[in-house]
Amino acid sequence: LTEPKMDWREVLRMNIQSIIRNDYSFSRPSRKGWHTGAILPGMKNDETIDVAIALDMSGSIGDEDAKTFLSEVRGIMSQYEDYKIHIWCFDTEVYNPQEFSADDGDALLEYEPEGCGGTDFMCNWNFMKEQGIEPKKFVMFTDGYPWDSWGDENYCDTLFIVKGNERAEAPFGQTVIYEKDVA
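The rules behind the values
- Residues numbered from 1 in each chain as written.
- Predicted model: local features only at pLDDT ≥ 70, side-chain atom pairs only at ≥ 80, totals over all residues.
- Heavy atoms only, no water.
- Helix = DSSP H or I, 4+ residues; strand = E, 2+ residues; numbered from the N terminus.
- Contact = heavy atoms within 4.5 Å.
- Areas by Shrake-Rupley, 256 points an atom, 1.4 Å probe, with all protein chains shown as cover.
- Salt bridge = Lys/Arg side-chain N within 4 Å of Asp/Glu carboxyl O.
- Buried < 20%, exposed > 50% of the residue type's maximum accessible area, 1.4 Å probe, protein only.
- Polar contact = N/O pair within 3.5 Å; in protein donor to acceptor, adjacent residues only side chain to side chain.
- Pairing = 2+ DSSP bridges.
- Expected span 1.5 Å × (residues − 1).
- Axes fitted to C-alpha atoms, helices over the stretch in contact; angles between N-to-C directions.

(A) Just the overall build of the chain, in detail. What the chain contains, in helices and strands, is three helices and eight strands. Summarising the internal contacts of the chain: among those between residues at least 6 apart in sequence, 59% fall at separations of at least 24. Accessible surface, the chain as shown: approximately 10500 Å² in total, 46% of it carbon and sulfur.

(B) Region of the structure containing the pattern of salt bridges. A full pass over the atoms with the stated rule returns four salt bridges. Here Asp152 makes a salt bridge to Lys129, at a shortest N to O gap of 2.5 Å. Of the two residues, Asp152 sits in the loop between β6 (137-142) and β7 (158-163) while Lys129 sits in helix α3 (residues 122-131), which places them 23 residues apart along the sequence. What makes Asp152 buried here is its relative accessible area of 17%. Between Lys137 and Asp157 there is a salt bridge whose closest N-O contact spans 2.5 Å. Here Lys137, found in strand β6, pairs with Asp157, found in the loop between β6 and β7; they are 20 residues apart in sequence, far enough to count as distant. Taking the relative accessible area as the measure of exposure, Lys137 reaches 2% and is therefore buried.

(C) Structural context of the side chain of Thr119. Structurally, the position occupied by Thr119 is in the loop between β5 (94-101) and α3. Here Ser58 takes part through its side chain, which lies 3.2 Å from a polar atom of the side chain of Thr119.

(D) Looking closely at the pairing of β7. With respect to burial, β7 is a largely interior element, five of its six residues being buried. Across five bridges, the pairing between β7 and strand β8 (residues 174-178) is parallel. Considered in β8, the bridge of Phe160 is made with Thr175.

(E) Spotlight on helix α2 (residues 63-79). Counted at 1.5 Å a residue, the expected span for α2 with its 17 residues is 24 Å, and the 25 Å between its end C-alpha atoms agrees. Every buried residue belonging to α2 is among Asp65, Ala66, Thr68, Phe69, Leu70, Glu72, Val73, Ile76 and Met77, and all of these are buried.

(F) Structural detail: the side chain of Glu72. Mapped onto the elements, Glu72 comes out in helix α2. If sequence neighbours within four positions are ignored, Glu72 has contacts with Trp8, Arg9 and Phe141.

(G) Region of interest: the sheet that holds strand β4 (residues 82-90). Judged by pairing direction, the sheet is mixed, and its six strands sit side by side in the order β5-β4-β3-β6-β7-β8 without closing on themselves. The open sheet is flanked by β5 and β8, the only strands paired with a single partner. Sheet twist, expressed as the mean angle between neighbouring strand axes with direction ignored, is 15°. Bridge count for strand β3 (residues 48-56) against β4 is nine bridges, and the pairing is parallel. The residue bridging Thr48 from the neighbouring strand is Asp82, located in β4. Sitting on the sheet, α2 is in contact with β3, β4, β5, β6, β7 and β8, with an inclination near 165° to β4.

Here you go:
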């Protein structure tokens with residue numbers, strides 16, 4: 001049997017959507033309970049997302065891939081009215097860390113990817129711990145070839161989007177294969 005392929009963009013969207021908190025609201029009651037005479041609450045979605053995104057800029061990742069990844073980040077920003085996105089590049093260390101919110105999201109267009117060395121995934125978790133960044137979701141765009149460890153599985157919920165290495169499977173979090181031609 002062939003393995004079904006998942007649209008990595010859809011997986012990314014679902015992962016980001018899953019961190020949005022939902023709560024009940026009585027401001028506009030649900031119609032579901034009208035026939036019973038009961039007033040049931042409606043759902044209130046919190047439209048704020050808080051994610052950290054790391055772009056693997058080791059020697060095997062090209063400028064075109066970096067642009068594609070940044071376009072996907074821009075797509076995430078355009079889906080939500082309010083967001084806080086920490087973004088940085090890495091190889092064996094972290095480069096150009098920046099934070100974007102709904103107030104300054106257009107500044108992402110000026111973001112400059114940096115790096116070009118080896119690949120040390122753990123530098124991302126060390127950076128987040130040092131900076132006090134505790135995202136609801138951590139998304140790593142990578143080629144899936146870590147030098148040593150895949151990272152700290154206990155720190156935060158992680159999604160690995162892997163380019164060019166269909167055999168890669170992270171030992172924790174969720175791994176999805178990046179395919180350039182996904183519609």
